[in-house]
Amino acid sequence: MENAVTNEAPSTGDAVDGTVLVAIDGPAGSGKSSVSRAAADRLGFGILDTGAAYRALAWALRERGDDIDSEAAALTLLDGWHYGITLRGEQRVTVELPETVGIGGATDVTAAIRANEISALVSRVSKHPVVRDRLNAMFRAMVAESGLPGVVIEGRDITTVVAPDAPVRLLLTASPEVRAQRRAGDLPGSSAEQVLAELRARDEKDAEVVDFFTPAPGVVLVDTSDLDFEQSVQAVVDAVREAQEGAR
Ligand SMILES: Nc1ncnc2c1ncn2[C@@H]1O[C@H](COP(=O)(O)OP(=O)(O)O)[C@@H](O)[C@H]1O
Ligand SMILES: Nc1ccn([C@@H]2O[C@H](COP(=O)(O)OP(=O)(O)O)[C@@H](O)[C@H]2O)c(=O)n1
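Residues numbered from 1 in each chain as written. Chains lettered and ligands numbered in written order. Predicted model: local features only at pLDDT ≥ 70, side-chain atom pairs only at ≥ 80, totals over all residues. Heavy atoms only, no water.

Novice: What should I look at first to understand the site of ligand 2 in this one?
Specialist: Residues in close proximity to ligand 2 total 18 residues, the closest being Arg55, Ser126, Arg132, Arg202 and Asp206. When contributions to the shell around ligand 2 are tallied by element, the ones reaching two or more residues are helix 2 (51-64), helix 5 (123-126) and helix 9 (192-207). Element by element, the count of residues in the shell around ligand 2 is highest for helix 2, at three residues. When grouped by side-chain class, the residues that make up the shell around ligand 2 number three nonpolar, six polar and nine charged. (Near = heavy atom within 4 Å. Helix = DSSP H or I, 4+ residues; strand = E, 2+ residues; numbered from the N terminus. Nonpolar A, V, L, I, M, F, W, Y, C, P; charged D, E, K, R; others polar.)

Novice: What exactly am I supposed to notice about the UniProt feature "domain: Cytidylate kinase" (unreviewed entry) in the chain here?
Specialist: In this structure's numbering, the residues bearing the UniProt feature "domain: Cytidylate kinase" (unreviewed entry) are residues 22-241. Overall, residues 22-241 shows 49% helix and 16% strand. The separation of its end C-alpha atoms is 11 Å. (UniProt positions renumbered as here; feature names shortened; annotations may be inferred.)

Novice: I tried to follow the pairing of strand 7 (residues 150-155) on my own but got confused; where do I start?
Specialist: On a regular strand, each side chain points to the face opposite its neighbour's, so the side chains alternate between the two faces of the sheet. Counting buried positions along strand 7 gives six out of six residues, so the element sits mostly inside the fold. Residues Gly150, Val152 and Glu154 of strand 7 are buried on one face, and the alternating residues Val151, Ile153 and Gly155, pointing to the opposite face, are buried as well. Relative to strand 7, strand 2 (residues 20-25) runs parallel, the two being bridged by six bridges. Paired with Val22 across the two strands is Val152, which belongs to strand 7. In terms of strand pairing, strand 3 (residues 46-49) meets strand 7 through four bridges, oriented parallel. When the sheet's bridge partners are listed, Gly46 is paired in strand 7 with Val151. (Buried < 20%, exposed > 50% of the residue type's maximum accessible area, 1.4 Å probe, protein only. Pairing = 2+ DSSP bridges.)

Structure follows, in structure tokens:
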């Protein structure tokens, strides 16, 4: 499986082993992507949105007309596709399907993977343990090759499976009602009730595979239900700075 990391920050030379990892998990709409991105910018770190890869895989399976539930189809895709995501600056996600690798150029799927139809399909792809293992290896390689001083990695199993030894591990959460209200604000034409039902259904399916509601030992719970955006970003930045000071 090939992947491309676009790194707009200057390389720090020998930072492969020195990259500080900040692991963040949480349910849908808890603020993982937006809060993590703002915190990463403030810290001068990169951000790896792992959900984007699961979404891109669901998008690619649908694009090829493959069976969305098929583990074998997902693995075939992982063997032959080229996946790219920016770790700095504006997020850009690209996919080259196996049949077009080298001839068709990459498709920019940044917007397409956020569509409701993809959100509704993605748990059927992320349920396969072997698929998760393969993507987790890709995430670790992307961080190792990033050359960045630090990377915030966000998803569902980052604090427990992908980077259980990260010096900073946080579980971002908020009540389902607050999460649905925030998400509805991002999706014009959707009611908070409809978004809440979709969000609960996806969380339920995802939670069959990984527990992202209960902080694992050593993981700090950050409940943003009563925090505004700026306060949530500051809570993450403070946790990172505290960990860095503790390590000195
Ligand atoms: N603490 C907060 N207060 C207000 N809005 C927030 C807060 N955290 C996140 N948001 C907003 O909620 C929406 C969903 O956040 P997002 O980062 O997409 O969540 P996730 O990645 O966990 O699904 C975004 O519009 C984001 O700006
Ligand atoms: N580390 C991860 C990240 C995402 N996922 C899957 O990918 C989907 C999309 O993740 P996401 O982070 O983009 O979802 P939102 O919380 O942004 O809605 C989730 O619903 C999970 O099915 C996962 O299984 N493990």
